[in-house]
Each structure stands twice: as C-alpha cells, then as structure tokens.
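# Coordinates in review
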There are 2 protein chains.
Amino acid sequence: MINGAILIGASEAQGDSRFDAVDPSTGKALDTSFSSAGTDSVEQACALADAAAIPFADLAPADRAAFLEKIADEIVAIGDDLIVRAMAESGLPRARLEGERGRTTGQLKLFATVLREGSWAARTIDPAQPDRQPLPRPDIRLRNISVGPVAVFGASNFPLAFSVAGGDTASALAAGSPVVVKGHPAHPGTGELVARAIQRAVAACGLPEGVFSYLPGTSNELGGALVADPRIKAVGFTGSRGGGLALMRIAAQRAEPIPVYAEMSSINPVILFPAALKARGAALAPAFIGSLTMGAGQFCTNPGLLIAIDGPDLDAFLAAAGEALTGSAAAQMLTPAIHDAYEKGVAALAAHNDVTQVARGVAGEGVNQAQGALFKTSAAQFLADKALGHEVFGSSSIVVTVKDMDEARSVIASLEGQLTATILLDAEDEPLAAQILPVLERKVGRILANGWPTGVEVCHAMVHGGPFPATSDGRTTSVGAKAIERFLRPVSYQALPASLVPAAIADGNPWTLPERVDGVLKLS
Amino acid sequence: MINGAILIGASEAQGDSRFDAVDPSTGKALDTSFSSAGTDSVEQACALADAAAIPFADLAPADRAAFLEKIADEIVAIGDDLIVRAMAESGLPRARLEGERGRTTGQLKLFATVLREGSWAARTIDPAQPDRQPLPRPDIRLRNISVGPVAVFGASNFPLAFSVAGGDTASALAAGSPVVVKGHPAHPGTGELVARAIQRAVAACGLPEGVFSYLPGTSNELGGALVADPRIKAVGFTGSRGGGLALMRIAAQRAEPIPVYAEMSSINPVILFPAALKARGAALAPAFIGSLTMGAGQFCTNPGLLIAIDGPDLDAFLAAAGEALTGSAAAQMLTPAIHDAYEKGVAALAAHNDVTQVARGVAGEGVNQAQGALFKTSAAQFLADKALGHEVFGSSSIVVTVKDMDEARSVIASLEGQLTATILLDAEDEPLAAQILPVLERKVGRILANGWPTGVEVCHAMVHGGPFPATSDGRTTSVGAKAIERFLRPVSYQALPASLVPAAIADGNPWTLPERVDGVLKLS
C-alpha cells in the first residue's frame, strides 16, 4: 500500500531523488524509500489544480459535503495499517493516534455539516429599487467563492489531524479549493496512505483529478516553488516560525501576493491568580506538569510560561511542580531534529545567568527522548531579555515571578501574540482578572479559565489562531468551523440575467441557504 | 473654521513645516497654509489611539452607532462651507460634492445600522457537554473584537466619501478601532473641516480623545511612520498602485506584520457580446463615453478596457463612440500631478506602434483639464505588451478587438485582478456569457450586466474589492456593510466565570445579537 510515490491527480510517479522515513525511537530508517518531488511535479500538480478549480468550486454544497465524508470513510477503511505506520514514524502512542484519526475524520464531517448549513456562502441580496430617487438601485447580490487552489504544508506533530487530510486540507476542500499538499518528511508513509485515501475519494465522487495532489519531499525548494506558483492562491502551514516566515516572504514577493495562513509559534501564558495560588496552588501543580509533558510537550498550545506573584504560596506551587516533574518519565519526540532543537533550547535556559532551574524530569533511556524542564526567572529579568519569551518546542516551561498583578499585566503586555492564555483563578480573583482580561484579549486567540491549554476542541466557537507570531493572520482560525473562511472571497453580481445568476444567490434559494435580504438576516 | 492645524485627540497644534492647498482650476494656492505633521505627531496620535483602544472596543454597539450618527450630524452641520471648500480644492462640481456628502453620511448611518443588527459580533456559543465521552466538552464562546488602532489614508478622488470620514474610517470606527487619518494634501481644508467634525463628535459622545486623530501632510515619511508604528494594527488605503505597494512593504517588514487594505488599480473590463453589439452597439456607445468621461474619468471603476469581436458591428460602435467622445467637453482634474500622469499615459498610448487612436475629446481651455481619449488594439497586440493593461487614471480607454469570444476569454484570463467587469449582452448572448462568467468571477470583485461600472452602490451585497492589484486583499471590500469585517478578529473564551464573560457572548444575550448555538444560527 506504500511505495513512496508522488501522487499527481489520479496518477502516481516515482522520483529519482529519494529519502527515508526514520523511526525516532531508534533513529533508524524504516522500510520503503520515498520520492522527493521536484519542480516538474509542482508544475503538473498546479496545472491540474487550476483546471479543477472552476468545476470544483461550482459543485453544490451537498456534493462537496459528500466528498468530505467519503474521504473520512476512506481513511477509516485503511484500518490499523495507518495507526501502525504512524506510530513507527512519529513515536506517538497508539491511543493518541487512534484519537487523532477520530479527530481527523471528525473535522471532515464537521465541514460537511458546515457546507450543508450554508452560512459559508454568505448569500446576500439587495433587491432592485427601480423607483428610488434620485437614481434607481439595481439588483445586487453577493456570494462567497473559493479563492482558488491552496497549498497545504502538513505539521510533524499531528501526522493525521494537521497533515495530509488535516484541518487545512479539510477546510480548503470545503471552500471549494483544490489542494496540493507538500508532504511532511517526518511521516511520509502515513502521508502516502492518507493521500491515497483522498485520491480514491476523488475518483469515487467523479471529481476532476486535480482536486488533490500530494508532493512528498524534504527540500525547502519544493515548498518554495509550490508557494511561488501563480496558480496557487492561498497557503496553509503549521510549523516553525522560521518556516512560516520564509513562506510569507515568498508569497509577498509574488507578482500576485497571496495570503499565507501560518500557525507558527506560541508559549501560551498561564496566569495563576493569587487566591487560587493560595487556596490550591499545590493541587494545581501536578496538572500543570501533566499539560506540560503531555505528548512530550509537542503541542502548539503547550504551556511554556506561567506568571504568578512571588512568595511562599508560589514556593509551595513550585515545590509541588518540581516534585511532579522530577517523577515524570521521558517521552519520545517526533524527530531527531525536533529533539536537537529542544535540547539546545533547554541548555540555553539552563545556562542563562538570570534563570534558575526548578526541576528536570527523568532522563530518557532511548534516543530522541524529551526530558521535561521547568525554569524560573523574575519579571524584570524576563522583560530584559526577549529571548526568554521564545518558544522551546517540547516539555519546557518558565515561571515568571511578579511582585503583584500590575507587574503581571506588564509582562503580559510585553508578550508577542499567542494562541492561548490560561487564567487559573478563584471567585475572589475575578475583579483582578477583569482588569487583565482586556489586555489578554488583544494578545491571544483563546482565553480559557481553570483548565489547561493543551486540548483544542473542534467546534464552531474555537479560535486556534491569534496575533503574530502565533499566526501570520490573526483574523483567522485553523481549527473549527470558521477555518473555512480563510479560503473564501466575496463576489458581487449586479443586474445579471436570471440564467446567469449562480445557484447560491438565485431566486427561490435553490440551495436553501441562510440569507441576508436588504440587510435583514433570514434563516432558510 | 480652518487654520491648518494637526488634530491629535482633543488637541490641536501648528507645525513648522507648511504646505498650501492648490486650486487645480488655476494651479494657484488657496488661502490658509497647512501643517505638515511630523513623526512626533505620529507618536502622540498612536499613544492616544492605543490608550483609547480597549474602552472604545468595549462600548455597547448602540453607543458606537450613536457616535457614527453624531459624526454624520456634525458633517451636515458644517453647512455649505464644506462644499465650497471641497469645490475649490478638488475642482469637482457642486452637485457631485453634495451627492458625495450624502454618500459619506449615508455610509456612517449604514454602519450604525450594521452595529445595531449585530451579526458583526459573530456571537457563537458551543455549550458545555459535561457528560460527553471520552472527555467532557467545556463551554466555548466566540466573539469578534476590534483588531486595534487603524491608520487611514484618504483618496484624492473622493475628498469626502473616501477621505477623512469616508468608508475606511466609518468601517474602522464601527469595528471599535480608533482611527489615525493621514490627511490627503490635495484637499487639506476639506479634510480639516471634516476632522474637526469628528473631533466634536468624540467630545459630544464622551469618548476617549484618542478615538480619532488627523495628521495632514505631504511626505511619504509621515505615512510610512504611521504604518510602521507598533500600535497601529491595520491600514486602509485608496490610491495608486505604487503608494499601496509601498505601504504593503512597510507593513510586511514590521516586527509584527499587519494587514493593509489597499484599493489600488483597476481597468474594469467591459465585454460587449456579439448580439448586443449587433443589435444596439451604436446606441451603447454614447453611454460608454458618458461612463468613461464622467468626473474626468477619475473613478476607480472607470471603464478603461472594452473587449468586442472585430467587424462591421464594432466599426459602427467605434464610429458612434468616436463621435460622442469628439463632442465631449474637457473636464477639470483633481490635481496637477494627476493631470500630468494622465497626459503621460495618454501620450504613451498615442505613440504606441500597435495602438490606434479612435478619437479624442475636446481639448481643455483651462489648466489641468482631461481631454478624453479612446484607443484601439488587437488581442494579439494587447497580449504581447503587458503595459497596455495598466491603468491610465482619467478618461482614457482602450478597445481590444478579438476574433471570437474564445479569444475574448483568453484576453480576460490574461488580466490582473480587477474591481469590476461589465458584460453588455442580449438574451441570445447568455450561453456565451455563461462560459465566460466563471473566468470573470476569479478575476474581479463585482460583475455587472447591461450597466456601467462607475457608480458603486453602498449596500449589503456590494464588493468594492477584487484580486491583486485591484486590492491588496481580495477577501475584502472597502464599500458596503462587509467593510467592517476588515477590522475585526475572532477571540474564543473557554469556561470563563460568568462575571468575566463579555456582554457580546453573555448568557441571556444582553445585546440581542444574532447567534450561532451548537452550530445552529438563530435570530435575536
């Protein structure tokens, strides 16, 4: 079922340049060598995507919904081979990957629901007013259409839910955009299995083959050529800040600049308010360490910063957190490169003059294992060195001690944009939290109370986004129903003959969409 | 009422560096010299805007709506002085400016309606599911908030409707964003009158003074410093392609890149289908010339390109168009610089080896007058020289002759992004138009049938936007109700205590907003 091919539309090809999948728990190559796609593959995939763009965007929403559901079915039909391969390539445990498969198919089904509900189309009608003075008003209608073909870059840390058929692909296909995936080299077999499932779904639904192509590869040139191709009209990316910035630069330098939706970097501040710290600091500590070390800390929403008032209550919290971390097992990381970067980031903090090490987790016995790390510094020191606010991807966090919550507010105001902020508070902390909340709102995409930021619900009200550099576009989310909006743009139609009016905005509302008529919202 | 001041919050100041307003009909300076704001003014205005951002964004929608209506009232209260000054500075006639004043106050009132209707807030609630397996779902809510302070660059060609209190300012204020306007030097007295009206409205509504500042000036450095200021979070611009691209570059190079909404360049293709050409080509010609020469052609939606099949029917159309243009009076242009650029653009077309001049309008007798120009070329020649597709701002248009509608489609496919496309067709043209429509949809923001692109309705279904370079962000519109979306971003709130939940998403829906609950849209 896996042969290392490049999948371009309905075809497959083997490339001369090859790379191996690596098992991070051994550092050794797995079976099968994989094609590194070249610029010729980019050219072919983009030509097919361009040819598919109009018919795919013009599908009735129910037909695109059925296609998304078919992809979900085909992924489930791969069976345990998918889980076994993903375990070998990512080092992630079975339960996590089975859950992630459910999340992946759940996302596809959510967008099928979104398509059938129909608000995405933004059906808007301002009827003609032929008798208006001084000038008559023509009939004007608006609908959203796909922006065109989308390039998707999968993430290493979610080999299913944020990769080949992950959130970016699902939302782009939902919007009616053909997708060209640049496969992540950390899980090429997993990627190929899923890509073949999508390829089968395209065929089963009788869609133009260019709706989906899959380009595995290791080179930055491959990704760069894909983003630079004039037929690509938007980009979805989840990964490092450096990678995201590079794609943003390429996109901005095109003859036609295009939007890049890059989810890049976040340290997800946790603010531990005084009453909660006093009443239950020690009890919160193990849960904090649990969130920090879950999945070897390899979540975009990992809590990499905790802010609390210095004093005996915080000392108790730190003692309990240190104890929990000291007993926490090392965990397999996704790739040797991620492990190296983690080790370097932790070493830099450990060697920093103004940073104290609180505790380390148990050292790993195998290769590429994350040993948890907790550090401490003061607000003054944190504010003096911007590097202390940079993400260390993995299970490392830094506690910033403040004199009072005014100083906490200053620390928050100094932060770059974040995916999440967590507030841990008791009832008597609420007036203090009310003062800090407006500052947080302007820094993050999601604020959560008395929970932990790891764990991102796929739902209608989710924002997995936030101001730069959490993402490249803080007006959007990459998780949840609103992710489809990234790949849509509005078009107006004025006084068109009835035969030319698209179904989405035709008289009689054939797709039974919610609509806005003369500014008044109506349910279908 | 005009003294040439810089208006920063509630204060005013005179700058040492000065410039004059010029009457384009004489080329001479008008009374009053105006301050050129410097970077110290940018610093002060942005500090005040930043301080105002949270309280202004947190206003109840009805209060922000009342503020917009108060601005409209204050503009009307200026009385005829505003019209007289705008006439002197722009060379535009009284009726046009009175109409534009109505459009300006109408836009402000439209956004007041939009605010009260409430869809802008995107109230979305996914209630908790405490018993869900394997994990409970927390309560998650979403609302839109302002992106933060916005820099607005007024346009020369709409000294009221796209300037100090124009569409960008109205939609940004509606979103809850404080606004810092960089005043256009072509109409500084008009700008100051309107800026003082907004300043009075801020005071009358008891809002923080930083909600609005006005920085007149002539230098690119002023605008650059404003866009580079870290407290500015988005930019609205209407003007030249060069100007828009310069602001896009500055915004992209910031430590925190921000969105620039620049409306820049469009030649607004008109496609004259064969049956309509045959049946009523000669009758359409005078209306085409009317749209071309209206307001000296100084509209973003001016029809700068017409595509039709070569032959006797087109010859008849061109003869009638030439006759209409030959009799059309010269018209005053907005500024000497715009007139110079128009003259250069027309001269380049006239001297082009592959372009034929069809007709010119009557030569002007005063200074800075536009003499209309109509040219002709073939599809092959048009496709061979990209420069022929560049905008000549003013009453100049080029007719591209094609062999058949397949070639017309190739010409359309070669175009850059456009604000509008116009299709002139009869019933028997509809099957041909149905084939071309999907190509047009992917190139433009608005498609209109059997009308003329000049004249942009301010309504709910309007898109005054389009792919690059028509605008810098084809997912948006700068005219109509949806313009507010440019200055909003979503934030999620997870499991917040009731006392901390913002009113927009509080239990009981205190603002009676339309809402989405568990994915289901409900009217308030």
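Scroll up a little and you will see the structure.
Residues numbered from 1 in each chain as written. Chains lettered and ligands numbered in written order. Predicted model: local features only at pLDDT ≥ 70, side-chain atom pairs only at ≥ 80, totals over all residues. Heavy atoms only, no water.

### A closer look at the overall build of chain A
Of regular secondary structure, chain A possesses 14 helices and 23 strands. Here chain A has a C-alpha radius of gyration of 25 Å; the compact-globule value for 524 residues is 24 Å, and the two agree. Viewed in the frame of its principal axes, chain A has a C-alpha envelope of about 75 × 65 × 40 Å. Split into buried and exposed, the 524 residues of chain A put 63% on the buried side. Nonlocal contacts in chain A, meaning residues at least 24 apart in sequence, comprise 76% of its contacts between residues at least 6 apart. In the structure as shown, chain A presents an accessible area of about 17,400 Å², 55% of it carried by carbon and sulfur atoms. Here chain A holds 41 positive side-chain charges and 54 negative ones, and the gap between their average locations is 4 Å. (Helix = DSSP H or I, 4+ residues; strand = E, 2+ residues; numbered from the N terminus. Rg over C-alpha atoms; globule rule 2.2 N^0.38 Å. Buried < 20%, exposed > 50% of the residue type's maximum accessible area, 1.4 Å probe, protein only. Contact = heavy atoms within 4.5 Å. Areas by Shrake-Rupley, 256 points an atom, 1.4 Å probe, with all protein chains shown as cover. Lys, Arg positive; Asp, Glu negative; His and termini not counted. Charge placed at Lys NZ, Arg CZ, Asp CG, Glu CD.)

### Describing the relation of the copies chain B and chain A
Expressed as a screw transformation, the operator carrying chain B onto chain A has a rotation angle of 180° and an axial translation of 0.0 Å, and the superposed copies differ by an RMSD of 0.0 Å. On the angle and the small slide along the axis, the relation comes out as a two-fold axis. The fraction of interface residues of chain B whose copies in chain A are also interface residues reaches 99%, indicating that both copies meet through the same surface. (Least-squares fit on C-alpha atoms with pLDDT ≥ 70 in both.)

### Some details on the sheet that holds strand E9 (residues 212-216) of chain B
All names here are of chain B. On the basis of which strands lie adjacent, the open sheet formed by seven strands has the order E2-E1-E9-E8-E7-E10-E11 and mixed pairing. Whereas interior strands pair on both sides, the edge strands pair on one side only; in this sheet they are strand E2 (11-13) and strand E11 (260-263). In this sheet, neighbouring strand axes are inclined to one another by 20° on average, regardless of whether the strands run parallel or antiparallel. As judged from the five bridges shared by strand E8 (residues 179-183) and E9, these two strands associate in the parallel manner. Following the sheet pairing, Val180 is matched in E9 by Ser213. Packed on one face of the sheet, helix H1 (residues 39-57) meets strand E1 (6-8), E8 and E9 and runs near 30° to E1. (Pairing = 2+ DSSP bridges. Axes fitted to C-alpha atoms, helices over the stretch in contact; angles between N-to-C directions.)

### A few points about the interface of chain B and chain A
Counting residues at the interface gives 73 residues for chain B, matched by 72 residues for chain A. Buried area between chain B and chain A, both sides added, is near 6,000 Å², and the carbon and sulfur share of it is 60%. Three residues, B:Arg442, B:Arg475 and B:Leu500, lead the burial of chain B against chain A; their summed loss comes to 12% of the area buried on that side. Summed over the shared surface of chain B and chain A, the number is eight salt bridges. The interface formed by chain B and chain A holds 38 residue pairs in polar contact (both at pLDDT 80 or more) in total. At the level of secondary structure, the elements contributing two or more residues to the side of chain B that touches chain A comprise H1, strand E5 (124-126), strand E6 (140-146), helix H14 (430-441), strand E20 (444-449) and strand E21 (488-494) of chain B. Its residues assigned to classes, the side of chain B that touches chain A shows 43 nonpolar, 10 polar and 20 charged. Bridge count for strand E21 (residues 488-494) of chain A against E20(B) is three bridges, and the pairing is parallel. (Buried area = accessible area lost by both parts, 1.4 Å probe. Salt bridge = Lys/Arg side-chain N within 4 Å of Asp/Glu carboxyl O. Polar contact = N/O pair within 3.5 Å; in protein donor to acceptor, adjacent residues only side chain to side chain. Nonpolar A, V, L, I, M, F, W, Y, C, P; charged D, E, K, R; others polar.)

### Looking at the packing of helix H3 (residues 80-90) of chain B against helix H6 (residues 188-204) of chain B
A pair of packed helices is characterised by two quantities: the angle between their axes and the separation of those axes. Residues and elements named next belong to chain B. The interhelical angle for the contact between H3 and H6, taken along N-to-C directions, is 155°, at an axis separation of 8 Å. Here H3 is positioned roughly antiparallel relative to H6, judged by the angle of their axes. For the pair H3 and H6, contact is made by Asp81, Leu82, Arg85, Ala86 and Glu89 and by Pro188, Gly189, Thr190, Leu193 and Val194, respectively. Here the residues of the contact of H3 with H6 sort into five nonpolar, two polar and three charged. (Parallel < 35°, antiparallel > 145°, perpendicular 65-115°, else oblique.)

### So, the packing of helix H2 (residues 61-78) of chain B against helix H5 (residues 167-175) of chain B
All names here are of chain B. Closest axis-to-axis distance for the H2/H5 pair is 9 Å, and the angle between their directions is 155°. In terms of their interaxial angle, H2 and H5 are classed as roughly antiparallel. In this structure, H2 meets H5 at a crossing whose hand is right-handed. In this structure, H2 contributes Arg64, Phe67, Leu68 and Ile71 to the contact, and H5 contributes Ala170, Leu173, Ala174 and Ala175. Here the residues of the contact of H2 with H5 are counted per class, giving seven nonpolar, no polar and one charged. (Left-handed = near helix turned anticlockwise from the far one by under 90°.)

### A closer look at the side chain of B:Ser90
All names here are of chain B. By the element assignment, Ser90 lies in helix H3. According to the relative accessible area criterion, Ser90 is buried, its value standing at 2%. Of the polar contacts made by the side chain of Ser90, one reaches the backbone nitrogen of Leu92; its length is 3.0 Å. Ser90 has contacts with Pro24, Leu97, Pro159, Met333 and Leu334, leaving out every residue within four places of it along the chain.

### As for the packing of aromatic side chains
Residues and elements named next belong to chain A. Per the stated rule, a full pass over the model turns up 16 aromatic pairs over all chains. When the ring of Phe158 is compared with that of Phe162, the centres are 5.7 Å apart and the planes differ by 70°; the resulting orientation is edge-to-face. Judged by relative accessible area, which is 13%, Phe158 ranks as buried. Geometry around Phe56 places Arg64 over its ring, the cationic atom sitting 5.7 Å from the centre. (Phe/Tyr/Trp six-rings, centres within 6.5 Å; stacked < 30°, edge-to-face > 60°. Lys NZ or Arg CZ within 6 Å of the ring centre and 35° of its normal.)

### Some points on the nonpolar core
Ranked by size, the top nonpolar core spans 106 residues in total, and within it B:Phe67, B:Ile71, B:Phe212, B:Ile307 and B:Ile484 carry the most contacts. When near neighbours in sequence (up to four residues on either side) are disregarded, B:Ile307 contacts B:Val270, B:Ile271, B:Leu272, B:Val400, B:Val402, B:Ala408, B:Val411 and B:Ile412. Membership of the second largest hydrophobic core comes to 55 residues, among which are A:Leu59, A:Ala65, A:Val194 and A:Ala201. (Core = buried A, V, L, I, M, F, W, Y, C linked by side-chain atoms within 4.5 Å.)

### Re H6(B)
Residue and element names in this part refer to chain B. For H6, built from 17 residues, the straight-helix expectation of 24 Å at 1.5 Å per residue is met to within 8% by its first-to-last C-alpha distance of 24 Å. In terms of residue burial, H6 counts as a mostly covered element, since 14 of its 17 residues are buried. The positive-phi residue at the C-terminal boundary of H6 is Gly206, with phi of around 65°. (Expected span 1.5 Å × (residues − 1).)

### A closer look at the pattern of salt bridges
Under the counting rule described, the total for this entry stands at 56 salt bridges over all chains. Linking B:Arg196 and B:Glu12 is a salt bridge whose minimum nitrogen-to-oxygen distance equals 3.0 Å. On the criterion of sequence distance, the pair formed by B:Arg196 in helix H6 and B:Glu12 in strand E2 is long-range, its members being 184 residues apart. Taking the relative accessible area as the measure of exposure, B:Arg196 reaches 12% and is therefore buried. Linking B:Glu69 and B:Arg116 is a salt bridge whose minimum nitrogen-to-oxygen distance equals 2.9 Å. Of this pair, B:Glu69 sits in helix H2 while B:Arg116 is found in helix H4 (residues 94-117), placing the two residues 47 residues apart along the sequence. Residue B:Glu69 is classed as partly exposed on the basis of its relative accessible area, which comes to 25%. For B:Arg116, a relative accessible area of 41% corresponds to the partly exposed category. Three or more residues joined by partner-sharing salt bridges are found here, namely A:Asp473, A:Arg475, B:Asp473 and B:Arg475.

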